[in-house]
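Geometric and topological summary
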Amino acid sequence: MRLSSVLIIGLCLVTACAQSASGIALEPQARATALTQYDPETAFQPSNRVMEEVDEVLKRAAANNKLALIVMGANWCHDSRGFVQTLNNKRLGQVISDRYEVLLIDVGYLQRGRDVIDRFGMPVIYGTPTVLVIEPETELLINRDDMHRWRDAARIDVDEAISYLISMATPSARDEAAAARTEVSPALAALYAEIDVFERAQAARIYGGFARLAPMLAMDHKERPAHFNDEWNEVRDLRYAITGDLADLRAEARRRVEAGETDISLVYPAYPAFSWE
């Protein structure tokens, strides 16, 4: 998630807006499938019925034997625009048409989206875009372990995106995601719960940072206070560090439990306080 060099307006939790070839605004269901008609500059638009639209995309995916692809981003965000541009690629569009129902959600000035991300078992969005691959019947988040890669979407080329979205739509990907959260021993489940508590505590700090940044994001970039970039980078550093640290903690927990260790004590990273805390 990189700030636009031209204009930073903000992230607003919303569904995508597209237009038909005739210029007539499409309804949510049509918007979610008209991939090649997204304008990268305007794809993420406000909505007052986001959770209903999530319900609708899950219902369509289940009815069509597909997965749901929910993209949480914003028009100001360079990487969100980059991801939308990638969606417009014809080869990727065919992959998505065959396997996914799509919903774009605008995440506002970083202050919205909590209800959506909470629904799928995550405490916070760690970047924009956040791309969720969801099994619609169970609402399983299939790409939980690496969904954060898309916060650098502008650097991901079409071939990589195609390979990723094909792999996420395989039965093995669904089975592995389900097993990772359900087929665990009581000892490992206890460690996972401990890690989840740590993650939620850091997520609360990130949301506090989002709340501080939001009004500055809403300003014209020439009017932002001098400390804006420093504070943005403080929050960004935590967002990027914690996702790798969480993966390492969960991998360590699995490894030590599988090795037969007992009374396992994990060492958690200590992140610096934000300058305003």
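In the block above lies the structure referred to throughout.
Residues numbered from 1 in each chain as written. Predicted model: local features only at pLDDT ≥ 70, side-chain atom pairs only at ≥ 80, totals over all residues. Heavy atoms only, no water.

**Some words on the side chain of R144**
- If you trace the backbone, R144 turns up in the loop between β4 (140-141) and α6 (158-168).
- Buried and unpaired, R144 has no salt bridge, with D196 as the nearest side chain of opposite charge at 4.1 Å.
- Looking at R144, its side chain comes within polar contact range of the main-chain oxygen of G121, at 3.2 Å. (Helix = DSSP H or I, 4+ residues; strand = E, 2+ residues; numbered from the N terminus. Buried < 20%, exposed > 50% of the residue type's maximum accessible area, 1.4 Å probe, protein only. Lys, Arg positive; Asp, Glu negative; His and termini not counted. Salt bridge = Lys/Arg side-chain N within 4 Å of Asp/Glu carboxyl O. Polar contact = N/O pair within 3.5 Å; in protein donor to acceptor, adjacent residues only side chain to side chain.)

**A few points about unusual backbone geometry**
- The peptide bond linking T128 to P129 adopts the cis configuration, its omega dihedral lying at 0°.
- Inspection of the secondary structure puts P129 in the loop between α5 (114-119) and β3 (130-135).
- At E139, a position not held by glycine, the phi torsion is positive, near 60°.
- Take E139: it is sitting in the loop between β3 and β4.

**What to know about the pattern of salt bridges**
- Applying the stated criterion to the full structure yields 17 salt bridges.
- We note a salt bridge from R256 to E252, for which the minimum N-O separation is 2.9 Å. With R256 and E252 both in helix α9 (residues 228-258), this residue pair falls four residues apart, about one helical turn.
- Between E261 and R256 there is a salt bridge, with the nearest N and O atoms lying 3.1 Å from each other.
- Relative accessible area serves as the criterion here: at 37%, E261 is assigned to the partly exposed category.

Don't take any of this as a statement about function, it's just geometry.
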